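Next come the chains, spelled out residue by residue.
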Amino acid sequence: VTKRLFAFYDGERKKREGKQWDTAKGKSDKGDLAGAAMLLDQLIATNPDRAERVEMAKVYVAYGKQLEGAKKWGEASAAYSKAYGLDPKKTSLSAHHYTLGQSLEASGKDGAAEIKRAITLDRDFAPAKAAAEQLSSAARSPWMLYAAIGAGGLAVLLFVAAMLRRRG
């Protein structure tokens with residue numbers, strides 16, 4: 001009796017999860033990637049060992065690209081991380097590190113290490129290469145050094161002028 005009872009509840013769970021997967025896939029096919037990702041989050045939380053893991057990862061990658069296009073870097077990073085967790089491909093992991101680096105940069109922090117990590121993981125990952133080149137050219141720009149030297153020189157001149165005026 002116990003075996004039949006467990007079999008019944010397992011069958012009911014599979015039906016319910018199958019319907020939820022079909023709904024998520026339908027939303028994804030219609031372009032509602034945010035809705036599909038939300039349903040997938042719920043589905044994975046209840047049963048992480050789904051047979052459709054590779055297809056789910058593709059939905060998360062598409063959602064990550066959509067978020068990346070909207071410059072929602074933190075959310076895109078999370079979507080790529082979920083995709084990598086479901087289907088470990090270096091492109092998903094590189095995209096995760098790239099968007100994480102962009103998220104840090106957008107919040108005023110240094111994201112260069114994450115962007116370099118993305119390139120290390122996948123040398124052909126074009127967005128990270130372009131971002132790294134942009135960061136390195138900005139780092140090579142000596143304008144801040146010149147501005148600091150100019151400000152220091154101006155401060156010395158003002159100090160000397162004040163001392164001469166005080167003596168005179």
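To start, this report covers the structure provided alongside it. (Residues numbered from 1 in each chain as written. Predicted model: local features only at pLDDT ≥ 70, side-chain atom pairs only at ≥ 80, totals over all residues. Heavy atoms only, no water.)

### Looking at the layout of surface pockets
Threshold: Points on a 1 Å grid, built from protein atoms alone, make a cavity when a 1.4 Å probe fits but cannot get out and make a pocket when they are open with protein on both sides within 12 Å along at least 5 of 7 lines; residues with an atom within 4 Å of a point are the lining residues. Grid points are joined across faces, edges and corners, and a volume is the space filled by probe spheres set on the points. Note on conventions: DSSP H or I runs of at least 4 residues are helices, E runs of at least 2 residues are strands, and numbering of each starts at the N terminus. Classes in brief: Ala, Val, Leu, Ile, Met, Phe, Trp, Tyr, Cys and Pro nonpolar; Asp, Glu, Lys and Arg charged; the others, Gly included, polar.
There is about 210 Å³ of room inside the largest pocket. Lining of the largest pocket is provided by 15 residues; of these, Val61, Lys65, Tyr80, Thr91 and Ser92 occupy positions nearest its centre. Counting residues per element, the ones that place at least two in the lining of the largest pocket are helix H3 (53-69), helix H4 (73-86) and helix H5 (90-106). Broken down by element, the residue count for the lining of the largest pocket peaks at 6 residues, all from H3. Taken together, the residues that form the lining of the largest pocket break down as 8 nonpolar, 2 polar and 5 charged.

### Quick notes on the packing of helix H2 (residues 33-46) against H3
How two helices pack is summed up by the angle between their axes together with the distance between the axes. Heads up, the condition is: For helices, the axis comes from a line fit to the C-alpha atoms of the stretch in contact; other axes are also lines fit to C-alpha atoms, and the angle between any two N-to-C directions lies between 0 and 180 degrees. The labels follow the angle: roughly parallel below 35 degrees, roughly antiparallel above 145, roughly perpendicular from 65 to 115, and oblique for the rest. Should the near helix be turned anticlockwise from the far one by less than a right angle, the crossing is left-handed, and should it be turned clockwise, the crossing is right-handed. Should any heavy atoms of two residues lie within 4.5 Å, those residues are considered in contact.
Where H2 meets H3, the closest approach of the two axes is 10 Å, and the angle between their N-to-C directions is 140°. Taken together, the axes of H2 and H3 lie oblique to each other. Crossing geometry of H2 relative to H3 is assigned as left-handed. Contact with H2, carried on its side by Leu33, Ala34, Ala36, Ala37, Leu40, Asp41, Leu43 and Ile44, involves Met56, Val59, Tyr60, Ala62, Tyr63 and Gln66 of H3 and no other residues of that element. Split by residue class, the contact of H2 with H3 holds 12 nonpolar, 1 polar and 1 charged.

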